[in-house]
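# Fold and geometry: a report
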Amino acid sequence: MEHGKQSRKLAWLMVLGCAGIALAAERTQEFKYVAAPGASVSLINDIGPVTIRYGSGRQILIKSKLSSDKVEVDAEQKGNRFEIRTHVLQPGSEQEQRVEYEIFLPARVGITVRADNGPIRVKGLRGSEIILEGDSAPVEIHEVEAGGQHLHVRTVSGSITLGNIANAHMEIRSLSGAVSLENVSGPKLQVTTTRGDIRSDGGLGGNGEYSLISQSGNIDVALPQGASVDMMAESVEGSADNDFPLQQKAHSSFLPHKGRSFSGTSMSGSSSVKLSSFSGKIRVKKQ
Amino acid sequence: MNCTEFQNELADFIDGGAAAEAQGHLKSCAACTGLVADLKEISGQARLLAADEPSPEVWSRIEKSLELEGLVRAPKPARAEWWGAGQSRWAVPVWATAVAAMMLLAFGLNTARQAQQTPGSGIVVVKPAALVDDDDLKLLAAVEKHAPSKRERYKVHLEAVNASIRDAKRSVEQDPGNELARERLTQAYDQKSALYEMAMARSMQ
């Protein structure tokens, strides 16, 4: 009985010891800069999540958590540009090369992130130009008031999610990742996928030009009841169905084919919405 | 001589061994005159084909595929005998060879389609046109150098993008005034450009 208790105690000590070693290997690095409006931050991180949040004042704060001593963070200021890069010192496992970043960004400071695995998360930025590139990294962007700036996202297979984005010039691309938009509006939105599905729920207002294109992915759009849109939709080898009330235009060079394409306007048609797929299904409905 | 009798002696006529009766029929029959003209044209083309003859391996592969399909039985006649221009007793006339060549071509195309559906069936496999070009292969080599595990994934994406360019081009050709088709083509090229940029960025890292 006593021997059993001692064995359990020994086992617990070993577990705690291992955890201690792991924690000892994990390091943190922090960088702080004062940035003028118009400054930009760029980050390259192969493995590990990147989170970018709004930070008040003029301070850029970069927190990094390194999984091992086989990697380090190089940070460099060149005028109004700040370059951060994960530097692999010696080969190691994916876990050993993983670095986790959290960046706090003041208003009107641009951010460029390239992260292979991610995920990349952006929340609450104001007036920042945002350029994000991932390979398999999922990208999530929420609550952004872009102030007319650009928001460019591209991934190879990572999914892209945008929620509550206003006043941005948006270019969203993925080869096979799905793109999901919720309440996204701005002067221009171009979404292109090769195989990924595209879904839009709400938004598409504000006199913007919206273009959703997929080669073989499906395109689903849900518009609010009073949406003011001028819409054209076509799927060459798939289907195109519309449940949203649209009025046919008197003069149009676009000739709809039942079940494959449709066009029309709702209200004053202030936003242009083009939906195009080669072999995917297009569906438009009321929200 | 009527048309049926003439056509029974057509082979001799084409090879130059026609009877006077056949010559007489030809002068009075426009349909048979047209048939003879067509066959002489095919025969002439077949002679040109024979002058630039493919390698023996090609013929042995075709023979094998015909055998597998049950269209010919072993032992097979020597290639020169069934393709040649009538030297041996068993030789087929040139015009018939030309017709056989066209049948083989049609068969080959059909076989290629079937082979795509049933790989490993033993049929001669004629691969479809590659969906990646030389530049794509160079890019894939660069990707492989940096991250070997990603090569296959990028290849799949390149093929998908190239297919989308091909499909979009076809749509624009069919309907040049279609605004959506033109935009799809532009975006298909942009997708390829983006894929190249992403792959190169990783290769140069």
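These notes cover the structure that comes with them. Since the structure is predicted, the reported quantities are computational estimates derived from the model, not experimental observations.

This part takes up the overall build of chain A. Counting secondary structure elements, chain A contains one helix and 24 strands. Taking as baseline every contact in chain A between residues at least 6 positions apart, the subset at least 24 positions apart corresponds to 46%.

A word on the overall build of chain B. Helix and strand content of chain B: 10 helices and zero strands. For chain B, the α and β elements follow one another from N to C terminus as α-α-α-α-α-α-α-α-α-α. In chain B, which comprises 205 residues, the proportion classed as buried is 20%. Relative to all contacts within chain B whose residues are 6 or more apart in sequence, the contacts with residues 24 or more apart total 50%.

Turning our eyes to something else, we now look at the sheet that holds strand β3 (residues 50-54) of chain A. Residue and element names in this part refer to chain A. Ordered by their spatial adjacency, 12 strands build an open sheet running β1-β4-β7-β3-β9-β11-β13-β15-β17-β19-β24-β21, and the pairing between neighbours is mixed. Here the strands that pair on one side only, and so sit at the sheet edges, are β1 (27-34) and β21 (239-242). Strand-to-strand, the axes of this sheet are offset by a mean angle of 10°, without reference to chain direction. One ladder, built from six bridges, connects strand β4 (residues 59-66) with strand β7 (residues 99-105); its direction is antiparallel. Each residue of the ladder has a partner; that of Lys65, found in β7, is Glu100.

Next up on the list: unusual backbone geometry. Phi is mostly negative for residues that are not glycine, and the peptide bonds are mostly trans. Residues and elements named next belong to chain A. Of note, the bond from Gly118 into Pro119 is cis; its omega dihedral lies within 30 degrees of zero at 0°. Within the element layout of this structure, Pro119 appears in the loop between β8 (110-115) and β9 (120-123). Phi is positive for Asn183, which is not a glycine, with a value near 50°. As for its position among the elements, Asn183 is in strand β15 (residues 179-184). A positive phi is found at Leu204, a non-glycine position, where the angle reads about 55°. Checked against the element boundaries, Leu204 lands in the loop between β17 (198-201) and β18 (209-214). The class for Leu204 is buried, based on 27 C-beta atoms found within 10 Å.

What follows covers the packing of helix α8 (residues 134-146) of chain B against helix α9 (residues 151-174) of chain B. Residues and elements named next belong to chain B. Running from N to C, α8 and α9 cross one another at 155°; their axes reach a closest spacing of 9 Å. It follows from the interaxial angle that α8 and α9 lie roughly antiparallel. When the axes of α8 and α9 are compared, the crossing they make is right-handed. Touching Asp136, Leu140, Val143 and Glu144 of α8 are Arg151, Tyr154, Lys155 and Leu158, all from α9.

Once that is clear, we can look at the interface of chain A and chain B. If you look at the interface, chain A gives 21 residues, while chain B gives 19 residues. Its residues assigned to classes, the side of chain A that touches chain B shows seven nonpolar, seven polar and seven charged.

It is worth spelling out the sheet that holds strand β6 (residues 81-88) of chain A at this point. Residue and element names in this part refer to chain A. Taken in spatial order, the 12 strands of this open sheet run β5-β6-β2-β8-β10-β12-β14-β16-β18-β23-β20-β22, and their pairing is mixed. Looking at strand neighbours, the two that pair on one side only are β5 (71-78) and β22 (261-265), the edges of this open sheet. Across this sheet, the average inter-strand angle for adjacent strands is 5°, counted without regard to direction. Pairing geometry for strand β14 (residues 169-174) and strand β16 (residues 188-193), over six bridges, is parallel.

Formed by 83 residues in total, the largest nonpolar core has its most connected members in Val41(A), Leu105(A), Ile120(A), Val144(A), Leu151(A), Ile165(A) and Ala233(A). Of the residues forming this core, the biggest block, eight residues, is contributed by helix α10 (residues 179-204) of chain B. Contact partners of Ala233(A), with chain neighbours within four places excluded, come to Ala240(A), Ser261(A), Phe262(A), Ser263(A), Leu275(A), Ile282(A) and Val284(A).

A word on α8(B). Residue and element names in this part refer to chain B. The terminal C-alpha atoms of α8 lie 19 Å apart, and with 13 residues this matches the ideal 18 Å at 1.5 Å per residue to within 8%. Listed in full, the buried residues belonging to α8 are Asp136, Leu139 and Val143. The arc that holds the buried residues of α8, viewed along the axis, is 60°, so those residues lie on one side. Turned more than 90 degrees from where α8 packs its buried face, Asp134, Lys138, Ala141 and Lys145 sit exposed.

Tracing the backbone through its elements, the reader meets Ser239(A) in strand β21. Residues Ser239(A) and Arg260(A), spaced 21 residues apart in sequence, show a C-alpha to C-alpha distance of 4.7 Å.

Our focus in this paragraph is the pairing of strand β20 (residues 229-235) of chain A. Residues and elements named next belong to chain A. Taking burial as the measure, the seven residues of β20 include seven buried ones, the bulk of the element. Residues Val229, Met231, Ala233 and Ser235 point to one face of β20 and Asp230, Met232 and Glu234 to the other, with burial holding for every one of them. In this structure, β20 lies alongside strand β23 (residues 271-277), joined through seven bridges in parallel fashion. Residue pairing across strands places Met232 opposite Lys274, the latter belonging to β23. For β20 and β22, the ladder comprises five bridges, and the chain directions are antiparallel. Across the sheet, residue Asp230 finds its bridge partner in β22, namely Thr265.

Calculation notes
Residues numbered from 1 in each chain as written. Chains lettered and ligands numbered in written order. Predicted model: local features only at pLDDT ≥ 70, side-chain atom pairs only at ≥ 80, totals over all residues. Helix = DSSP H or I, 4+ residues; strand = E, 2+ residues; numbered from the N terminus. Contact = placed C-beta atoms within 7 Å. Buried ≥ 20, exposed ≤ 12 C-beta atoms within 10 Å, placed from the backbone. Pairing = 2+ DSSP bridges. Axes fitted to C-alpha atoms, helices over the stretch in contact; angles between N-to-C directions. Parallel < 35°, antiparallel > 145°, perpendicular 65-115°, else oblique. Left-handed = near helix turned anticlockwise from the far one by under 90°. Nonpolar A, V, L, I, M, F, W, Y, C, P; charged D, E, K, R; others polar. Core = buried A, V, L, I, M, F, W, Y, C linked by C-beta atoms within 7 Å. Expected span 1.5 Å × (residues − 1). Arc of directions from axis to C-beta.

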